[in-house]
Amino acid sequence: MSAEPALPHHRLPPGNLAELVSGEGGPETLTLLLAAERSRRLLLLRALDDTVDLGAAWDLLSRAQRRAPDVVDDLLMYPQTGMWLATALRGLREVTTDDDPPQWVLLGHFAALAAAAGLRAGLDFTLEVPVRHGRVPLPTLGCAVLPVTGPWAAGTVAARSGRAVVEAGGARVAVPLPPGSAGPGWHPLRRIAVGPAGRRLDVVLDDVDPYRTYPRPTEPRPLSEESVAHWRQLLEQAWEVLLAEQPETAGAMRRSLLSLTPTAARERFRPRSVTSGDAFGGIEASEPDDPVQLAVTLKHEFQHTKLGGLLHLTPLLAPAADEEPEWWYAPWRDDPRPLAGLLQGIYAFAGITDFWSAHRTATRTQTAMAHFEFALWRRRTATALEQVRRHPRLTRVGSTLLETLHARCAEWLAQPVPEQPAALARLCADDHVARWRVHHLRPPAPAVDAAVRAWLDGADAPPGALAAEAETVPDPSARWLDSLATLVRYRLSGADDDRLPADGAEKAAARVTGALVGDALLAAGDAVGARTAYLTRLADHPMRPGAWAGLAGALTTGGTEPAAARLLLRHPERARAVHQALLRTTGTAPDPVRLAAWLGSAPA
């Protein structure tokens with residue numbers, strides 16, 4: 001590939017930077033980010049070429065650049081190319097595992113890129129490429145399937161006079177023309193266009209590139225024609241929502257949403273989506289429940305894309321002076337997060353809050369569900385912002401970004417929301433915090449021992465030492481902390497009545513992984529039944545953390561035992577730790593509500 005005289009110096013003018021720190025960013029701003037990403041890709045490619053000999057593939061890519069520079073630019077800026085470049089450079093520095101492809105396969109993907117460029121540029125060539133589990137993916141074109149045994153092998157791509165074949169193991173597959181056509185042994189990469197002229201979204205539905213999934217590659221899994229048609233319909237309807245309710249975001253997406261990687265559907269109301277800073281413009285998403293969920297996912301991951309581009313130009317955080325990890329509560333995660341990860345989440349979920357702010361006021365979508373989602377995410381985003389918006393490691397840009405988002409969040413918090421969805425949002429937000437705390441926070445052991453002695457001595461209140469700051473100890477067993485919110489979504493979607501029948505709570509809980517019977521009752525508004533169910537759970541499984549948080553919600557909603565409710569809401573980890581210590585010491589578990597009320601009284 002021929003070297004450019006010099007890469008440009010990239011900067012964001014104040015107006016474009018102001019757009020990004022507010023959570024927005026129009027087409028012009030995204031064009032600037034894309035230009036910076038192009039320079040970054042070129043630097044990474046040069047770093048790879050300086051490290052290993054790319055041989056004939058480099059020569060072919062150079063020829064293609066001279067013949068058709070736009071083709072090479074398109075390949076260079078394809079999200080999966082960025083993902084592969086970063087993976088390859090890391091692979092040269094890190095020890096590989098048995099699950100990783102051999103290094104010659106990893107680096108050989110460059111030959112597949114060069115072959116794709118040569119084909120699209122109309123060049124004659126023959127080039128060796130890796131065969132992955134019988135498949136030869138050619139980026140931006142498609143994937144050949146050959147009867148090759150074994151996970152890794154070598155094949156060739158040959159092009160003469162506009163005709164190309166992929167050969168391995170004595171078998172041949174012709175690459176159909178024009179690109180995008182299907183043929184025997186060939187799966188084309190589908191390109192989908194949705195929306196009206198002038199506002200159309202053109203995106204690749206990538207099911208074959210190994211580097212389409214983040215952060216680890218996966219082998220090609222071509223979709224059926226029925227699945228492609230289904231995704232096309234979902235994307236059309238989601239794009240209609242975005243055009244109507246988020247027109248500025250949609251305009252920017254048209255410039256920089258380049259590929260969508262579909263994955264299998266997940267449990268209802270629990271979609272999974274991923275982006276990577278190395279794969280600017282690429283989104284991996286599970287099949288959504290409905291078009292609105294897909295629209296939310298696109299907005300969510302587009303926020304990560306923008307922030308990733310900004311981070312390649314300027315840091316939001318200064319380097320940490322202490323090597324000890326600093327953990328934070330992220331209201332959208334089961335696990336504690338480092339500061340950089342929390343900032344990513346804040347930016348993304350500010351975008352989600354903005355989506356629901358607009359969606360809930362659309363004439364056709366004024367539903368309790370939309371109000372609930374808005375109220376829930378504004379509260380969660382505000383909680384995360386309050387933790388870190390004055391953190392000493394924030395750079396000037398990082399501080400401006402968080403202060404700007406904090407001001408936007410204050411505007412959202414001032415907007416009225418109908419009482420029922422607002423109350424349910426408060427319940428679910430508090431429940432998630434409590435579940436997170438009871439899993440990941442550990443009160444000081446001496447203070448727990450002192451509390452045990454005070455309880456056994458009949459003291460009127462716990463020792464003051466128990467109010468000391470708890471230590472964050474990540475609990476790998478923490479899963480499905482969103483169970484209550486998921487059950488509430490079932491209720492608001494119309495799938496459940498406000499009250500569950502006597503035998504309905506078990507069935508409702510069973511369809512939500514990680515949910516307890518008490519969660520189903522609490523989501524349905526039965527605080528008394530939920531209280532009983534949580535206490536039964538604690539009697540049978542006193543070491544399990546989930547019921548402690550649920551009991552807080554049941555007592556708060558029921559308006560009973562206010563001291564116990566406050567303690568369990570704010571510090572359920574104390575109740576759990578002291579309860580376990582008493583059980584170990586005496587062999588008898590104390591009444592959880594009575595213990596929580598005692599712990600919630602003024603310390604001695």
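Coordinates for the structure precede this section.
Below you will find a few notes about this structure. (Residues numbered from 1 in each chain as written. Predicted model: local features only at pLDDT ≥ 70, side-chain atom pairs only at ≥ 80, totals over all residues. Heavy atoms only, no water.)

### Looking at the overall build of the chain
Next, step 1: In terms of helices and strands, the chain carries 22 helices and 14 strands.
Next, step 2: Against the compact-globule benchmark of 25 Å for 604 residues, the chain has a radius of gyration of 27 Å, which places it among compact chains.
Next, step 3: With respect to the three principal axes, the spread of C-alpha positions in the chain is 90 × 55 × 50 Å.
Next, step 4: Scored against the burial criterion, the 604 residues of the chain give a buried share of 55%.
Next, step 5: Summed over all atoms, the accessible surface of the chain reaches about 25,700 Å², with 53% contributed by carbon and sulfur.
Next, step 6: Averaging the positions of the 64 positive and the 69 negative side-chain charges in the chain gives two centres separated by 2 Å. (Helix = DSSP H or I, 4+ residues; strand = E, 2+ residues; numbered from the N terminus. Rg over C-alpha atoms; globule rule 2.2 N^0.38 Å. Buried < 20%, exposed > 50% of the residue type's maximum accessible area, 1.4 Å probe, protein only. Areas by Shrake-Rupley, 256 points an atom, 1.4 Å probe, with all protein chains shown as cover. Lys, Arg positive; Asp, Glu negative; His and termini not counted. Charge placed at Lys NZ, Arg CZ, Asp CG, Glu CD.)

### Structural notes on the pattern of salt bridges
Next, step 1: Enumeration over the complete set of coordinates arrives at 26 salt bridges.
Next, step 2: Ionic pairing is found between arginine 90 and aspartate 278, a salt bridge with its closest N-O pair at 3.4 Å. On the criterion of sequence distance, the pair formed by arginine 90 in helix α5 (residues 79–93) and aspartate 278 in the loop between β11 (273–274) and β12 (282–286) is long-range, its members being 188 residues apart.
Next, step 3: Residue classification places aspartate 278 among the buried residues on the basis of a relative accessible area of 14%.
Next, step 4: Here glutamate 373 ties to arginine 489 by a salt bridge, and the two come within 2.6 Å at their closest N and O atoms. (Salt bridge = Lys/Arg side-chain N within 4 Å of Asp/Glu carboxyl O.)

### Comments concerning the state of the cysteines
Two cysteines joined by a covalent bond between their sulfur atoms form a disulfide.
Next, step 1: In total, this model carries 0 disulfides according to the counting rule given.
Next, step 2: Between cysteine 428, a free cysteine, and cysteine 409, which holds the nearest cysteine sulfur, the sulfur-to-sulfur gap is 17 Å.
Next, step 3: On the basis of relative accessible area, cysteine 428 is assigned to the buried category, the value being 2%. (Disulfide = S-S within 2.5 Å.)

### What about the sheet that holds strand β10 (residues 259–263)?
Next, step 1: The strand order β8-β9-β10-β12-β11 describes an open sheet built from 5 strands, whose pairing is mixed. In this open sheet, the two edge strands, each paired with only one partner strand, are β8 (190–194) and β11.
Next, step 2: Pairing of β10 with β12, which is carried by 5 bridges, proceeds in the parallel orientation. When the bridges of β12 are listed, threonine 263 appears paired with serine 286. (Pairing = 2+ DSSP bridges.)

### A few points about the pairing of β8
Next, step 1: Only one face of β8 is covered, namely the one carrying Arg190, Ile192 and Val194; the face carrying Arg191 and Ala193 has none of its residues buried.
Next, step 2: Bridge analysis of β8 against strand β9 (residues 201–205) gives 5 bridges, and the strand direction is antiparallel. Directly across from valine 194, in β9, lies its bridge partner leucine 201.
Next, step 3: Connecting β8 to the next strand, β9, in antiparallel fashion are 6 residues, including glycine 195 with a positive phi near 100°.

### Some remarks on helix α22 (residues 592–599)
Next, step 1: Within α22, 6 of the 8 residues are buried, leaving the element largely enclosed by the surrounding structure.
Next, step 2: Buried within α22 are the following residues: Pro592, Val593, Leu595, Ala596, Trp598 and Leu599.
Next, step 3: On the buried face of α22, the contacting elements are α14 (445–456), α18 (527–540), α19 (546–558), α20 (562–570) and α21 (572–586).
Next, step 4: Of the residues flanking the start of α22, the one acting as N-cap is aspartate 591, its side-chain oxygen 3.3 Å from the backbone nitrogen of valine 593. (Contact = heavy atoms within 4.5 Å. Polar contact = N/O pair within 3.5 Å; in protein donor to acceptor, adjacent residues only side chain to side chain.)

### Regarding the nonpolar core
Next, step 1: Formed by 128 residues in total, the largest nonpolar core has its most connected members in Leu235, Ile346, Leu401, Leu568 and Val578.
Next, step 2: Excluding its chain neighbours within four sequence positions, the residues that come into contact with leucine 235 are Ile192, Val194, Leu201, Val203, Leu260, Leu294 and Leu298. (Core = buried A, V, L, I, M, F, W, Y, C linked by side-chain atoms within 4.5 Å.)

### Concerning unusual backbone geometry
Next, step 1: Here the bond from tyrosine 214 into proline 215 is cis, since omega is 5°, no more than 30 degrees from zero.
Next, step 2: Relative to the helices and strands, proline 215 is located in the loop between β9 and α7 (225–245).
Next, step 3: Although it is not a glycine, histidine 133 sits at a positive phi angle of roughly 50°.
Next, step 4: Among the structural elements, histidine 133 can be located in the loop between β1 (125–132) and β2 (135–138).

### Comments concerning the side chain of histidine 579
Next, step 1: Structurally, histidine 579 is set in helix α21.
Next, step 2: Dropping the residues within four chain positions of it, histidine 579 is found in contact with Pro542, Trp548, Ala589, Pro590, Pro592 and Leu595.

### Regarding the packing of α21 against α22
Next, step 1: Axis separation between α21 and α22 bottoms out at 10 Å; the angle between their running directions is 120°. Comparing their axes, α22 and α21 come out oblique. Here α21 and α22 pass one another in a crossing that is right-handed. Note on element contacts: α22 touches α21 through Pro592, Leu595 and Leu599, opposite Arg574, Ala575, Val578, His579 and Leu582.
Next, step 2: Broken down by class, the residue content of the contact of α21 with α22 amounts to 6 nonpolar, 1 polar and 1 charged. (Axes fitted to C-alpha atoms, helices over the stretch in contact; angles between N-to-C directions. Parallel < 35°, antiparallel > 145°, perpendicular 65-115°, else oblique. Left-handed = near helix turned anticlockwise from the far one by under 90°. Nonpolar A, V, L, I, M, F, W, Y, C, P; charged D, E, K, R; others polar.)

### Things to note about helix α12 (residues 396–413)
Next, step 1: In this model, α12 (18 residues) spans 26 Å end to end at C-alpha, consistent with the 26 Å of a helix rising 1.5 Å per residue.
Next, step 2: By the burial criterion, the buried members of α12 are Val397, Gly398, Leu401, Leu402, Leu405, His406, Arg408, Cys409 and Trp412.
Next, step 3: Looking at the buried positions of α12, the neighbouring elements they touch are α1 (14–21), α9 (291–311), α10 (339–359) and α11 (368–388). (Expected span 1.5 Å × (residues − 1).)

### Let's talk about the packing of aromatic side chains
For any two aromatic rings, the description comes down to two numbers: the centre-to-centre distance and the angle of the planes.
Next, step 1: In this structure the tally under the stated criterion is 8 aromatic pairs.
Next, step 2: For the pair phenylalanine 355 and tryptophan 356, a centre-to-centre distance of 5.3 Å together with 90° between the ring planes defines the contact as edge-to-face.
Next, step 3: On the basis of an interplanar angle of 75° and a centroid distance of 5.3 Å, the ring pair of tryptophan 455 and tryptophan 598 is categorised as edge-to-face. Here tryptophan 455, found in helix α14, pairs with tryptophan 598, found in helix α22; they are 143 residues apart in sequence, far enough to count as distant. For the pair tryptophan 455 and tryptophan 598, a shared accessibility class is recorded, and that class is buried.
Next, step 4: Lying across the ring of tryptophan 377, arginine 380 places its NZ or CZ 4.9 Å from the centre. (Phe/Tyr/Trp six-rings, centres within 6.5 Å; stacked < 30°, edge-to-face > 60°. Lys NZ or Arg CZ within 6 Å of the ring centre and 35° of its normal.)

### Let's talk about the pairing of strand β5 (residues 163–168)
Next, step 1: A one-sided burial pattern is seen for β5, the buried positions being Ala164, Val166 and Ala168 and the unburied ones Arg163, Val165 and Glu167.
Next, step 2: Relative to strand β6 (residues 171–174), β5 runs antiparallel, the two being bridged by 4 bridges. Bridged to alanine 168 within β6 is alanine 171.
Next, step 3: In sequence, β5 turns back onto β6 through a hairpin of 2 residues, with glycine 169 there showing a positive phi of about 60°.

### Observations regarding the environment of arginine 11
Next, step 1: With respect to the helices and strands, the residue arginine 11 is situated in the segment before α1.
Next, step 2: Taking relative accessible area as the criterion, arginine 11 reaches 53% and is therefore assigned exposed.
Next, step 3: Between the C-alpha atoms of arginine 11 and leucine 89, which are 78 residues apart in sequence, the distance is 26 Å.

### What to know about a negative patch on the surface
Next, step 1: Taken together, Asp322, Glu323, Glu324 and Glu326 make up a surface patch of like negative charges.
Next, step 2: Tracing the chain through its elements places glutamate 326 in the loop between α9 and α10.
Next, step 3: The exposure class assigned to glutamate 326 is partly exposed, which follows from its relative accessible area of 35%. (Patch = residues over 30% accessible without salt bridge, like charges linked within 9 Å, V, L, I, M, F, W, Y side chains within 5 Å.)

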